[in-house]
Amino acid sequence: MLIAGFPAGAWGTNCYLVAPAAGEECVIIDPGHRAAEGVGEALARHRLKPVAVVLTHGHIDHVASVVPVCGAHGVPAWIHPEDRYMMSDPEKGLGRAIGMPLMGELTVGEPDDVHEMTDGTTLELAGLELTVAHAPGHTKGSVTFGLPEAADIPPVLFSGDLLFAGSVGRTDLPGGDMAEMLDSLARVCLPLDDSTVVLSGHGPQTTIGQERATNPYLRQVASGQGAPGAPRRGM
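Because the structure is predicted, anything quoted here is derived from the model rather than measured.

J.: I'm lost on the overall build of the protein in this one. Help?
T.: Within the protein, the regular secondary structure consists of 8 helices and 14 strands. The proportion of buried residues among the 235 residues of the protein is 52%. In the protein, once contacts between residues fewer than 6 apart in sequence are set aside, the share between residues at least 24 apart is 62%.

Structure follows, in structure tokens:
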């Protein structure tokens, strides 16, 4: 298994390329602000051929480069239907009025080919099986992608802005909801094995075991008590 990741653009959003091995087909996860150049470099370095872009949610810091990346490689994008509107109307997802400046170099809109995915969908792409879990809380259409354990790696969770090392995604933007966030943490994260590697939308990688022991939000959900104060990470 090959997983290549890098933080992209002004928001440092983690973009990932996932493939069975170097020299094979790959999936691109969350090509955010100014991610196209980094994607191109990673494709060349590992001799990869992209077959799809998959998105954990619709915030502009995760989808800003979807149009150029999909267009350059002739591949579709996958997104949950409840976040699809943000691809063409990013200001609405941020609580901003239409027409306010949004980093003017961004090309917003949908790529030519968009597919929708829902909870429990298994995306069979590039020789991989990505399991989709609907995980609202940060946005209404947030999802995570799970990869099963393989011969050389433990299970992996691409958590988007649901779960970070030491924190969770913010819930104060349109579509955010702390009660839904806590439910998603309990339903999606708590059942996972402690060895599961968490690759999030921002910040360093961690594991479910580490977060179960130290993350105040996951600990409170596990104990059935109230959550700590509102988080501020993510777009």
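Now that the structure has been shown, we can carry on.
J.: For this particular structure, what's the right way to read the side chain of Thr 139?
T.: Along the chain, Thr 139 falls in the loop between β8 (128-134) and β9 (143-147). When near neighbours in sequence (up to four residues on either side) are disregarded, Thr 139 contacts His 57, His 59, Asp 83, Met 86 and Gly 175.

J.: It is not clear to me how the nonpolar core should be interpreted in this structure. Could you clarify?
T.: For soluble globular proteins, the rule of thumb is that nonpolar side chains tend to be buried together. Among the nonpolar cores identified, the biggest contains 28 residues, and Leu 17, Ile 28, Val 39, Val 53 and Val 66 are the most heavily contacted of them. Going through the elements one at a time, β1 (2-8), β2 (13-19), β3 (25-29), α1 (36-46), α2 (60-63), α3 (66-73) and β5 (77-79) are the ones with two or more residues in this core. Once residues lying within four places of it in the same chain are set aside, the contact partners of Leu 17 are Leu 2, Ile 3, Ala 4, Phe 6, Cys 26, Val 27, Ile 28, Val 39, Ala 42, Leu 43 and Leu 48. In this structure, Val 54, Ala 126, Val 143 and Phe 158 belong to the second largest nonpolar core, which totals 22 residues.

J.: What should I look at first to understand helix α8 (residues 216-223) in this one?
T.: Residues lying three or four places apart along an α-helix face the same way, a consequence of the helix completing one turn every 3.6 residues. Looking at α8, one finds that the buried residues are Tyr 217, Leu 218 and Val 221. One face of α8 carries all of its buried residues, which in axial projection span an arc of 95 degrees. Of the surrounding secondary structure, the elements contacted by the buried residues of α8 are β12 (167-168), α6 (178-189) and α7 (208-214). The backbone nitrogen of Tyr 217 has a side-chain oxygen 2.9 Å away, supplied by the residue at the start of α8, namely Asn 215. Taken from the residues just after α8, Gly 224 is the one with a positive phi, measuring 80 degrees.

J.: What is the right way to look at the pattern of salt bridges in this model?
T.: Opposite charge on two side chains allows them to pair when their charged atoms are near. According to the stated counting rule, one finds 6 salt bridges in the structure shown. Notably, a salt bridge pairs Arg 84 with Glu 116, separated by 3.2 Å at the nearest N-O pair. With Arg 84 in the loop between β5 and α4 (85-88) and Glu 116 in strand β6 (residues 114-116), this residue pair connects regions lying 32 residues apart in the sequence. Here Asp 194 ties to Arg 212 by a salt bridge, and the two come within 2.7 Å at their closest N and O atoms. With Asp 194 in the loop between α6 and β13 (197-200) and Arg 212 in helix α7, the pair connects residues that are 18 residues apart, well separated along the chain.

J.: I'm lost on empty space enclosed by the protein in this one. Help?
T.: Empty space left among the atoms is revealed by rolling a probe the size of a water molecule over them. What the rule picks out here adds up to 2 cavities of 30 Å³ or more. In this structure, the second largest cavity spans a volume of roughly 40 Å³. Around the second largest cavity sit Thr 56, His 57, Ala 135, His 138, Ser 142, Val 143, Ser 159, Gly 160, Asp 161, Leu 162 and Met 181, which together line it. Looking at the lining of the second largest cavity residue by residue, the class counts come to 4 nonpolar, 6 polar and 1 charged.

J.: Mind showing me how you'd approach unusual backbone geometry here?
T.: Most peptide bonds take the trans form, and the phi angle of most residues other than glycine is negative. Even without a glycine there, the phi angle at Asp 30 is positive, about 55 degrees. For Asp 30, a relative accessible area of 2% gives the class buried.

J.: Sorry, what's going on with the environment of Thr 171 here?
T.: When you line up the elements, Thr 171 lands in the loop between β12 and α6. The sequence separation of Thr 171 and Pro 136 amounts to 35 residues, and the corresponding C-alpha distance is 9.8 Å.

J.: I'm lost on the sheet that holds β1 in this one. Help?
T.: Hydrogen bonds along the backbone pair up the strands of a sheet, which may run parallel or antiparallel. In spatial order, the strands read β1-β2-β3-β4-β5-β6; together these 6 strands make up an open sheet with mixed pairing. Because the sheet does not close on itself, it has two edges, and the strands there are β1 and β6. Recorded for the sheet is a direction-independent mean angle of 25 degrees between the axes of neighbouring strands. Inspection of the sheet shows β3 paired to strand β4 (residues 49-54) by 5 bridges, in the parallel sense. By the bridge assignment for β4, Glu 25 is matched with Lys 49.

J.: Please clarify how the packing of α6 against α8 should be interpreted in this entry.
T.: Two measures define how a pair of helices packs: the angle their axes make with one another and the distance between the axes. Look at α6 against α8: their axes get within 10 Å of each other, and the N-to-C directions meet at 80 degrees. In terms of orientation, α6 lies roughly perpendicular with respect to α8. Along its contact with α6, which presents Met 178, Leu 182, Leu 185, Ala 186 and Cys 189, the element α8 presents Tyr 217, Leu 218 and Val 221. By residue class, the composition of the contact of α6 with α8 is 8 nonpolar, no polar and no charged.

What counts, and at which threshold
- Residues numbered from 1 in each chain as written.
- Predicted model: local features only at pLDDT ≥ 70, side-chain atom pairs only at ≥ 80, totals over all residues.
- Heavy atoms only, no water.
- Helix = DSSP H or I, 4+ residues; strand = E, 2+ residues; numbered from the N terminus.
- Buried < 20%, exposed > 50% of the residue type's maximum accessible area, 1.4 Å probe, protein only.
- Contact = heavy atoms within 4.5 Å.
- Core = buried A, V, L, I, M, F, W, Y, C linked by side-chain atoms within 4.5 Å.
- Arc of directions from axis to C-beta.
- Polar contact = N/O pair within 3.5 Å; in protein donor to acceptor, adjacent residues only side chain to side chain.
- Salt bridge = Lys/Arg side-chain N within 4 Å of Asp/Glu carboxyl O.
- 1 Å grid on protein atoms, 1.4 Å probe; cavity = no way out; pocket = protein on both sides within 12 Å on 5 of 7 lines; lining within 4 Å.
- Points joined across faces, edges and corners; volume = space filled by probe spheres on them.
- Nonpolar A, V, L, I, M, F, W, Y, C, P; charged D, E, K, R; others polar.
- Pairing = 2+ DSSP bridges.
- Axes fitted to C-alpha atoms, helices over the stretch in contact; angles between N-to-C directions.
- Parallel < 35°, antiparallel > 145°, perpendicular 65-115°, else oblique.

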